Amino acid sequence: MSSTSKKEVARLKRKARIRKKMKGTMERPRLSVFRSARHIYAQIVDDTAGVTLVAASSVESAFKEQSKFENKKAAAVFVGKMVAQRALEKGIKQVVFDRNGFLYHGRVKAVSDGAREAGLNF
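Rules used in this analysis
- Residues numbered from 1 in each chain as written.
- Predicted model: local features only at pLDDT ≥ 70, side-chain atom pairs only at ≥ 80, totals over all residues.
- Heavy atoms only, no water.
- Helix = DSSP H or I, 4+ residues; strand = E, 2+ residues; numbered from the N terminus.
- Rg over C-alpha atoms; globule rule 2.2 N^0.38 Å.
- Buried < 20%, exposed > 50% of the residue type's maximum accessible area, 1.4 Å probe, protein only.
- Contact = heavy atoms within 4.5 Å.
- Areas by Shrake-Rupley, 256 points an atom, 1.4 Å probe, with all protein chains shown as cover.
- Lys, Arg positive; Asp, Glu negative; His and termini not counted.
- Charge placed at Lys NZ, Arg CZ, Asp CG, Glu CD.
- Core = buried A, V, L, I, M, F, W, Y, C linked by side-chain atoms within 4.5 Å.

A. Spotlight on the overall build of the protein. Counting secondary structure elements, the protein contains four helices and four strands. When its helices and strands are written in sequence order, the protein yields α-β-β-β-α-α-β-α. For 122 residues, the compact-globule estimate of 2.2 N^0.38 gives 14 Å, and the protein sits close to it at 14 Å. When burial is assessed residue by residue, the protein has 37% of its 122 residues classed as buried. In the protein, once contacts between residues fewer than 6 apart in sequence are set aside, the share between residues at least 24 apart is 60%. If you sum the accessible surface of the protein, you get close to 7400 Å²; carbon and sulfur atoms cover 53% of it. Across the protein, the centroid of the 27 positively charged side chains sits 10 Å from that of the 11 negatively charged ones.

B. Summary view of the nonpolar core. Counting residues in hydrophobic clusters, the biggest one holds 26 residues, and the most contacted among them are Leu 31, Ile 44, Val 54, Val 79, Val 83, Ile 92 and Leu 120. Of all the secondary structure elements, the ones that give two or more residues to this core are strand 1 (30-35), strand 2 (40-46), strand 3 (51-57), helix 3 (72-89) and helix 4 (107-118). A per-element tally of this core places helix 3 first, with eight residues. Among residues more than four places away in sequence, those in contact with Leu 120 are Ile 44, Ala 84, Ala 87, Ile 92, Lys 93, Val 95 and Ala 115.

Here you go:
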């Protein structure tokens, strides 16, 4: 028996199906979100060059310097704002949103809402 759960296998199938149709270019890179039980990660990727242009997560010190968040969703909104702010500093205004196989609600949606609030278009 493999160590990957049925839920994880299903998510990876959804991820493959999504990524088949979606590519991040230099003009419109891909905003990819990963959600673990405790943390949330967001990165903006240029798939043509295979490079991560900008990243933000709930693990880094800039996040931990903030006061405690009331829930994980509020923390996800902050991560979305952080990644959008860093992207705008690098001149990235348009992205394509990659939910990475996760359902578009809860913390994944909160990251996208935070990024839109901070000025990213997708």
